[in-house]
Amino acid sequence: PTLLRDYQVIHLCGKNNLVEKLKGLSAYVQFEYINDELKDLFAAADLVISRAGANAICELLALRKPNILIPLPHGSSRGDQILNADSFEQQGFSYVISEDDLTVSSLIDGIHTLLKSKDKYIDAMNKSKLNNSVETIIQLIRETQR
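About the cut-offs
- Residues numbered from 1 in each chain as written.
- Predicted model: local features only at pLDDT ≥ 70, side-chain atom pairs only at ≥ 80, totals over all residues.
- Heavy atoms only, no water.
- Phe/Tyr/Trp six-rings, centres within 6.5 Å; stacked < 30°, edge-to-face > 60°.
- Buried < 20%, exposed > 50% of the residue type's maximum accessible area, 1.4 Å probe, protein only.
- Lys NZ or Arg CZ within 6 Å of the ring centre and 35° of its normal.
- Patch = residues over 30% accessible without salt bridge, like charges linked within 9 Å, V, L, I, M, F, W, Y side chains within 5 Å.
- Areas by Shrake-Rupley, 256 points an atom, 1.4 Å probe, with all protein chains shown as cover.
- Salt bridge = Lys/Arg side-chain N within 4 Å of Asp/Glu carboxyl O.
- Helix = DSSP H or I, 4+ residues; strand = E, 2+ residues; numbered from the N terminus.
- Polar contact = N/O pair within 3.5 Å; in protein donor to acceptor, adjacent residues only side chain to side chain.
- Contact = heavy atoms within 4.5 Å.

J.: I'd like a description of the packing of aromatic side chains, backed by residues and values.
T.: If you walk through the whole model with that rule in mind, you get 1 aromatic pair. Ring geometry for F88 against F93: centres 5.0 Å apart, planes inclined by 85°, an arrangement best described as edge-to-face. Residue F88 shares its accessibility class with F93, and that shared class is buried. Against the face of Y121 rests K120, its NZ or CZ located 4.9 Å from the ring centre.

Set out below in structure tokens:
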């Protein structure tokens, strides 16, 4: 409810995770899965809150979407999401909140912080050497041929 005072929320919940009592809320919609429409939802989003799986973070970087990452904790994963989130945070691509520190207040503070400085995050993503993978591969090939 706190988020819905100021924001419209699109929530991708996953299979069997829809919450019946949240259906019909103004400014909120939930989906189990999204297929072709995902590109449109990303385009419409001012920011994305996501786990930190490899596919998700690569999409966020490619689309230059300001984002908050909440990686799966060690007890629920191999720890790769924590490494991904740490890397993206250090490079200035993402604002990170650990699941252990996640509260309504920390999430709202993170959203406000991210939106106030979203240009800084977008600029960091624009400057990333990870953006032009074809050129990077060509450069590596050239370097190995020397």
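J.: Tell me about a nonpolar patch on the surface, and please be specific about residues and values.
T.: Taken together, the side chains of I10, L12, V29 and L38 present a nonpolar region at the surface, about 290 Å² in accessible area. By secondary structure assignment, the location of L12 is in strand β1 (residues 9-12).

J.: Run through the side chain of N67, naming residues and quoting values.
T.: Of note, N67 is situated in strand β4 (residues 67-69). On the basis of relative accessible area, N67 is assigned to the buried category, the value being 0%. One polar contact links the side chain of N67 to the main-chain carbonyl oxygen of K65, over a distance of 3.0 Å. A distance of 2.6 Å separates the side chain of N67 from the side chain of S94, its partner in a polar contact. In contact with N67, not counting residues within four places along its chain, are V48, L60, F93, S94, Y95, L114 and M125.

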